[in-house]
Amino acid sequence: MSERPPATEPPLPEAAPRSSDLGRAPYREPPEDATLEEGALAGLGSGLKGVFITFEGLDGCGKSTQMELLAEALRARGYVVLMTREPGGTPLGEAIRDILLDPRYRGMSPRAEALLYAAARAHLVQEVIRPALADGQVVLCDRYLDSSLAYQGYGRGLGADDIIMLNVWATQGLFPDLTLFLDLEEPARSSRLAAVPDRLEAEDEAFHRRVEAGYRELLVQHRHRIRRIDATGDPAEVQRRVQAVVEEELELFSH
Ligand code: TYD
């Protein structure tokens, strides 16, 4: 990771950690012949002043709650934290989300689906995530690129390579500094699902099994960037695990 430029944002409250003090995942040199995609996935992170953390997992794993608890803990430390979600996070993104989750569009072609997720992401990155990172903020995002890899790449069978290529283009190569995969087994997950399933939740068991297998594959392939969190137990207990990993990887709590 290159040296961060000096902070230029307005001063934070007294004794709060400055963005220039933000922790960082240790830089890991990608293999010499790595492509841009492999390099970025190998832990290059966002390359911007702030810190970009994404939350991943199967529907009902509790990641939204954990993201909120982490935001609270970081804010208590004086960080400026921006929380957002995918698909959504902007008026355009929320409109795309409505289309994507609407059960009336069951049977949407997998490529159209992948493009719509990438379109919402492209807009969110340009309008919200990049500016916040450039400003030195901590950005927490509920789902990001790995959801597309797991759901469209593996679940729909489009393949991880094409999904990475599409998303490198859509985000202009913006990758998270750290991704937390919240791992919770059935039936704990299904007990948290909404009574009326959305279009993705309404997919059959085989689809969800492929998505899960996809996440497990990503955990192995991108272990330098994605960390698994055991999401069993009460929220406070899971949050302790989340913070331990965030500290280990980015040292946000010891500054
Ligand atoms: P959401 O209600 O946000 O699910 P959750 O609360 O579990 O995060 O709905 C988002 C759905 O969209 C979810 O089923 C996962 C799916 N999804 C994709 O298939 N590809 C993507 O790139 C993203 C971001 C989400």
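Residues numbered from 1 in each chain as written. Predicted model: local features only at pLDDT ≥ 70, side-chain atom pairs only at ≥ 80, totals over all residues.

## What to know about the overall build of the chain
Phase 1: When its secondary structure is counted, the chain shows eight helices and five strands.
Phase 2: When its helices and strands are written in sequence order, the chain yields α-β-α-β-α-α-β-α-α-β-α-β-α.
Phase 3: By the burial criterion, 40% of the 255 residues in the chain qualify as buried.
Phase 4: Relative to all contacts within the chain whose residues are 6 or more apart in sequence, the contacts with residues 24 or more apart total 79%. (Helix = DSSP H or I, 4+ residues; strand = E, 2+ residues; numbered from the N terminus. Buried ≥ 20, exposed ≤ 12 C-beta atoms within 10 Å, placed from the backbone. Contact = placed C-beta atoms within 7 Å.)

## Here's the deal with the pairing of strand β3 (residues 138-142)
Phase 1: Counting buried positions along β3 yields five of five residues, so the element is predominantly enclosed.
Phase 2: Burial of the side chains of β3 extends over both faces: Val138, Leu140 and Asp142 are buried on one face and Val139 and Cys141 on the other.
Phase 3: Of the pairings in the sheet, the one linking strand β1 (residues 51-56) to β3 comprises five bridges and is parallel in character. Within β3, the position partnered with Thr54 by the bridge is Cys141.
Phase 4: As defined by bridge partners, strand β2 (residues 81-85) adjoins β3 across five bridges and the pair is classed as parallel. Paired with Thr84 across the strands is Cys141, a residue of β3. (Pairing = 2+ DSSP bridges.)

## Let's talk about the nonpolar core
Phase 1: Membership of the largest hydrophobic core comes to 58 residues, with the highest contact counts inside it found for Ile129, Val138, Val139, Leu140, Leu180 and Leu182.
Phase 2: Tallying contributions element by element places helix α4 (residues 110-134) first for this core, with 10 residues.
Phase 3: When sequence neighbours within four positions are dropped, the list of residues in contact with Val138 reads Gly50, Val51, Leu74, Tyr79, Val80 and Val81. (Core = buried A, V, L, I, M, F, W, Y, C linked by C-beta atoms within 7 Å.)

## What to know about the site of the ligand
Phase 1: Close to the ligand lie 13 residues, the nearest being Asp59, Ser147, Ser148, Tyr151 and Leu200.
Phase 2: With four residues, the top contributor of residues to the shell around the ligand is helix α5 (residues 145-155).
Phase 3: The residue inventory of the shell around the ligand, partitioned by class, reads five nonpolar, three polar and five charged. (Near = placed C-beta within 6 Å. Nonpolar A, V, L, I, M, F, W, Y, C, P; charged D, E, K, R; others polar.)

## Some words on the packing of helix α2 (residues 63-76) against helix α8 (residues 235-250)
Phase 1: Where α2 contacts α8, the axes come no closer than 10 Å and their chain directions differ by 60°. Taken together, the axes of α2 and α8 are oblique relative to one another. Relative to α8, α2 is oriented so that their crossing is right-handed. In contact with Thr65, Gln66, Leu69, Leu70 and Ala73 of α2, α8 contributes Pro235, Val238, Gln239, Val242, Gln243 and Val246.
Phase 2: Split into classes, the residues belonging to the contact of α2 with α8 amount to seven nonpolar, four polar and no charged. (Axes fitted to C-alpha atoms, helices over the stretch in contact; angles between N-to-C directions. Parallel < 35°, antiparallel > 145°, perpendicular 65-115°, else oblique. Left-handed = near helix turned anticlockwise from the far one by under 90°.)

## Some words on the confidence of the model for the chain
Phase 1: Predicted confidence across the chain gives a mean pLDDT of 86, with 83% of residues reaching 70 or more.
Phase 2: Across residues 23-31, where pLDDT falls below 50, the model places 19 contacts with residues more than four positions away in sequence or in other chains. (pLDDT = per-residue confidence, 0-100.)

## As for the environment of Arg228
Phase 1: As for its placement among the helices and strands, Arg228 is situated in strand β5 (residues 226-230).
Phase 2: Along the chain, Arg228 and Asp183 lie 45 residues apart, while their C-alpha atoms are 6.6 Å from each other.
Phase 3: Discounting chain neighbours no more than four positions away, the residues touching Arg228 are Phe181, Asp183 and Leu219.

## Regarding unusual backbone geometry
Phase 1: With omega at -15°, the peptide bond leading from Glu86 into Pro87 counts as cis.
Phase 2: As for its position among the elements, Pro87 is in the loop between β2 and α3 (91-101).
Phase 3: The phi torsion at Arg143 lies on the positive side, around 75°, for a residue other than glycine.
Phase 4: Summarising the element assignment, Arg143 is placed in the loop between β3 and α5.
Phase 5: In this structure, Gln172 is a non-glycine residue whose phi angle is positive, near 50°.
Phase 6: Along the chain, Gln172 falls in the loop between α6 (160-171) and β4 (178-183).

## A short note on the environment of Met67
Phase 1: Along the polypeptide, Met67 turns up in helix α2.
Phase 2: We classify Met67 as buried; it has 24 C-beta atoms within 10 Å.
Phase 3: Separated by 172 residues in the primary sequence, Met67 and Gln239 have C-alpha atoms spaced 8.8 Å apart.
Phase 4: In contact with Met67, other than residues within four places in its own chain, are Phe55, Met83, Leu140 and Asp142.

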